[in-house]
Amino acid sequence: MSPFILAALLFSLGLGTTLTFASSHWLLAWMGLELNTMAILPLMAQSHHPRAIEATTKYFLTQATAAAMILFASTTNAWVLGEWNIQLTSHPLATTMVILALSLKIGLAPMHFWLPEVLQGLDLTTGLILSTWQKLAPFALILQLSTINPKLLVFLGLTSTLVGGWGGLNQTQTRKILAYSSIAHLGWMILILKFTPHLTLLALLLYIIMTSSVFLTLKLNNSMTINALATSWTKAPAISTIAPLTLLSLGGLPPLSGFMPKWLILQELTKQQLPLTATIAAMSALLSLFFYLRISYSMALTMSPNTVSASTPWRLNNPQSTLLLSTATALALLLLPITPTIISTLPM
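Residues numbered from 1 in each chain as written. Predicted model: local features only at pLDDT ≥ 70, side-chain atom pairs only at ≥ 80, totals over all residues. Heavy atoms only, no water.

Asks: Explanation requested: the UniProt feature "domain: NADH:quinone oxidoreductase/Mrp antiporter transmembrane" (unreviewed entry) in the protein in the structure shown.
Replies: In the numbering used here, UniProt assigns the "domain: NADH:quinone oxidoreductase/Mrp antiporter transmembrane" (unreviewed entry) feature to residues 23–287. Here residues 23–287 runs as 76% helix and 0% strand, with 38 Å between its end C-alpha atoms. (UniProt positions renumbered as here; feature names shortened; annotations may be inferred. Helix = DSSP H or I, 4+ residues; strand = E, 2+ residues; numbered from the N terminus.)

Asks: Looking at this model, I keep getting lost on unusual backbone geometry. Mind explaining?
Replies: Across the chain, the bulk of peptide bonds are trans and the bulk of non-glycine residues have phi less than zero. Ala109 connects to Pro110 through a cis peptide bond whose omega is 5°. Within the secondary structure, Pro110 is located in the loop between helix H4 (92–106) and helix H5 (114–120). At Gln273, a position not held by glycine, the phi torsion is positive, near 60°. Assignment of secondary structure puts Gln273 in the loop between helix H13 (259–271) and helix H14 (275–300).

Asks: I'm lost on the pattern of salt bridges in this one. Help?
Replies: Side chains that carry opposite charge are capable of pairing whenever their charged atoms lie near each other. In total, this model carries 3 salt bridges according to the counting rule given. A salt bridge links Glu54 to Arg51; its shortest N-O distance comes to 3.8 Å. Of this pair, Glu54 and Arg51 both sit in helix H3 (residues 50–81), 3 residues apart, which is roughly one turn of that helix. For Glu54, a relative accessible area of 35% puts it in the partly exposed group. (Salt bridge = Lys/Arg side-chain N within 4 Å of Asp/Glu carboxyl O. Buried < 20%, exposed > 50% of the residue type's maximum accessible area, 1.4 Å probe, protein only.)

Asks: For this particular structure, what's the right way to read the environment of Thr65?
Replies: With respect to the element layout, Thr65 can be found in helix H3. On the basis of relative accessible area, Thr65 is assigned to the partly exposed category, the value being 42%. The spatial distance from the C-alpha of Thr65 to the C-alpha of Leu229 is 37 Å, given a sequence separation of 164 residues.

Asks: Got a minute to help me understand the packing of aromatic side chains in this structure?
Replies: Aromatic rings considered in pairs are described by the distance between their centres and by the relative angle of their planes. Counted by the stated rule, this structure contains 3 aromatic pairs. Ring centres of Phe259 and Trp263 lie 5.5 Å apart, and the angle between their planes is 10°; on these two criteria the pair is classed as stacked. Placement of the pair is Phe259 and Trp263 together in helix H13, with a separation of 4 residues, close to one helical turn. One cation-aromatic arrangement involves Lys262 over Trp188; the distance from NZ or CZ to the ring centre is 5.2 Å. (Phe/Tyr/Trp six-rings, centres within 6.5 Å; stacked < 30°, edge-to-face > 60°. Lys NZ or Arg CZ within 6 Å of the ring centre and 35° of its normal.)

Asks: What am I meant to see in the domain arrangement of the protein here?
Replies: Taken domain by domain, the protein consists of domain 1 (1–148) and domain 2 (150–169 + 181–305 + 323–347). Distance between the C-alpha centres of domain 1 and domain 2: 23 Å. Across the contact, 27 residues belong to domain 1 and 30 residues belong to domain 2. Across the interface of domain 1 and domain 2, roughly 2400 Å² is buried in total on both sides, 86% from carbon and sulfur atoms. Among the residues domain 1 hides against domain 2, the three largest losses belong to Leu108, Leu124 and Phe139. Together they make up 27% of the total. There are 0 salt bridges connecting domain 1 and domain 2. (Domains from an automatic or database assignment. Contact = heavy atoms within 4.5 Å. Buried area = accessible area lost by both parts, 1.4 Å probe.)

Asks: I tried to follow the nonpolar core on my own but got confused; where do I start?
Replies: Proteins that are soluble and globular tend to have nonpolar side chains buried together. Ranked by internal contacts, the top residues of the largest apolar core, which has 89 residues, are Ile40, Tyr59, Leu102, Val118, Leu130 and Ile190. When residues of this core are assigned to their parent elements, the largest contribution, 12 residues, is made by helix H10 (residues 197–221). When residues of this core are assigned to domains, at least three map to each of domain 1 (1–148) and domain 2 (150–169 + 181–305 + 323–347). Residues in contact with Ile190, not counting those within four places in the same chain, are Leu108, Phe139, Ile142, Leu153, Leu156 and Gly157. (Core = buried A, V, L, I, M, F, W, Y, C linked by side-chain atoms within 4.5 Å.)

Listed below in structure tokens is the structure:
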């Protein structure tokens, strides 16, 4: 792809998200979401592989359906109440349809079926954009509607945490596992959205950091399946040592950074007199932890049976830049442990 076309597409991605962030009118927000969708389609289809074309088509149909629902719901609200402002959307049918449409856009269960299939057909760089940047604009709109239908949000959150845990158990493709990981993490964020929105933003930020680290690690090793991760040790020993810790951080084990949002969310759910919801969410995190451990085991404790004793090409220097990977990995591992130190150095 020409660098000029790539720059234009990335600029359009940024512009679409910014437009949705800044809008208070439904039509402007819808325009930003559409710009976002149209900008990523050429990036998804650039390899011309049949799987990539299939994934692009599925993504386009899903996003077009969600956009049509948003447009219909906002028009209904304007027709009945005469109001286009996002925060003043109050018609029950309109609010329910919008929340379901935005859930379809980001891949919340039970509207999640497109996400693993689409992510499986993409290369890891585009998959990273789809798993992180593309979530931001719909999330900004859900955040503005969080006070309207809390029961629906809790239902979507609980369903997503369970589906994200169960769905990834039997997978061997790393991209599908990361898709189910995304569904589970989004479930945690939606679960707490009604009670403490700033906690949702913290969880989203840490999710983006940890997911970026895992995607960049897989891209460096060029590993698409769990079995292929067994050769990581000979390709990049240092990364194969650190990557399991990043995966365990994604699973939410202390004292790594990923433990912080889960800990605070469970604490807040308990304060809100929702012990059953907190218990189900915590149990579903154990399901997710199982497939993170599977990847960690394959990466750090397994040697590939196909390793040859001759001179191997992977011992040559890898031309890929690792600055972003090292930054994301450091934050994914050390953000929680160093927080008390940073706080103690601040003037009171």
